[in-house]
Amino acid sequence: LESETCSSTALGAGRKFGCAPMTNATICLDSRFSCPSTFTCEVSGRCVSAGRDVAMSENRDAQAETTLATKSEAFCDIISGDLPSSCTCVAKAMGGLVHCQVLDVFNDSIALELDLAPCDPEAAHLDFKVSESKYGHSFSLGGIKAG
């Protein structure tokens, strides 16, 4: 419709969402939401422009789509429909590697990387890393195990 702005449906984008309920909308980093034209999506869940702020709009027709070519029960197939569009998942033995571009602000990027192996027969485990690009800082926590 002419009164909507549709978000990307490119392969590898993770969860896919339909359209924002307004013309020339700003699709937020979490593409379930959008802001009016000229407004910026804020982490607080508000849209801000020239001292004004309004609530984010929820995009319509949210539908999970598999980003992989096959419908096998690989780890990434299972979780891809629940990942925000800013995340990708790459399958690996016993799990997957999830990378999310969490925030881009003031010429800086913050990313989250999860190395998950929930199917490891010895013990399910998780490693994660949070990093920012401007100053090269990162925080890692590894070896979280269960089982």
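Here's a quick rundown of the structure. Bear in mind that the values here come from a model prediction, so they are computed numbers and not experimental data. (Residues numbered from 1 in each chain as written. Predicted model: local features only at pLDDT ≥ 70, side-chain atom pairs only at ≥ 80, totals over all residues. Heavy atoms only, no water.)

## What about the state of the cysteines?
Note the threshold: We call a pair of cysteine sulfur atoms a disulfide when they lie within 2.5 Å. Numbering goes from the N terminus for both helices and strands, where a helix is a DSSP run of H or I of at least four residues and a strand is a run of E of at least two. Residue burial is assigned from relative accessible area. The probe radius is 1.4 Å, only protein chains are included, and a residue is buried under 20% of its type maximum, exposed over 50%, and partly exposed in between.
For the structure shown, the criterion picks out 4 disulfides. Here Cys35 pairs with Cys47 through a disulfide, and the sulfurs are 2.0 Å apart. Residues Cys35 and Cys47 are joined through a disulfide that is left-handed, its torsion about the S-S bond being -80 degrees. Of this pair, Cys35 sits in strand β4 (residues 33–35) while Cys47 sits in strand β6 (residues 46–49); the two residues are 12 residues apart in sequence, bridging distant segments of the chain. With relative accessibility at 0%, the residue Cys35 sits in the buried group. Shown here is the disulfide that connects Cys76 with Cys89, its sulfur atoms set 2.0 Å apart. In this structure the cystine formed by Cys76 and Cys89 twists about its S-S bond by roughly -70 degrees; its chirality is therefore left-handed. Of the two residues, Cys76 sits in helix α1 (residues 75–79) while Cys89 sits in strand β9 (residues 87–92), which places them 13 residues apart along the sequence. Here the two residues Cys76 and Cys89 agree in accessibility, since each one is buried.

## Some details on the sheet that holds strand β13 (residues 138–146)
Note the following rule: Two strands pair if DSSP finds at least two bridges between them. Only the contacting stretch of a helix is used when fitting its axis, a line to C-alpha atoms as for every element, and angles between N-to-C directions run 0 to 180 degrees.
Spatially, β9-β10-β11-β12-β13 is the arrangement adopted by the 5 strands of the open sheet, whose pairing is antiparallel. Each edge of the sheet is formed by a strand with only one pairing partner; in this case those strands are β9 and β13. If you compare each strand with its neighbour and ignore which way they point, the axes differ by 10 degrees on average. Looking at chain direction, strand β10 (residues 95–105) and strand β11 (residues 108–117) are connected through 9 bridges and run antiparallel. Looking across to β11, one finds that Cys100 is bridged to Leu112.

## Brief notes about the packing of aromatic side chains
This is how the line gets drawn: Classification of ring pairs uses Phe, Tyr and Trp, with its six-membered ring standing for Trp, and accepts pairs whose centres are within 6.5 Å; under 30 degrees between planes counts as stacked, over 60 as edge-to-face, and the remaining range as tilted.
Within the structure shown, the criterion is met by 1 aromatic pair. Each ring, one from Phe128 and one from Phe139, has its centre 6.4 Å from the other, and the planes form 55 degrees; the classification is tilted. Of this pair, Phe128 sits in strand β12 (residues 124–132) while Phe139 sits in strand β13; the two residues are 11 residues apart in sequence, bridging distant segments of the chain.

## So, the pairing of β11
Hairpin connection from β10 to β11: 2 residues lie between these consecutive antiparallel strands, with Phe106 at a positive phi of about 50 degrees. From the end of β11 to the start of β12, which pair antiparallel, there are 6 residues.

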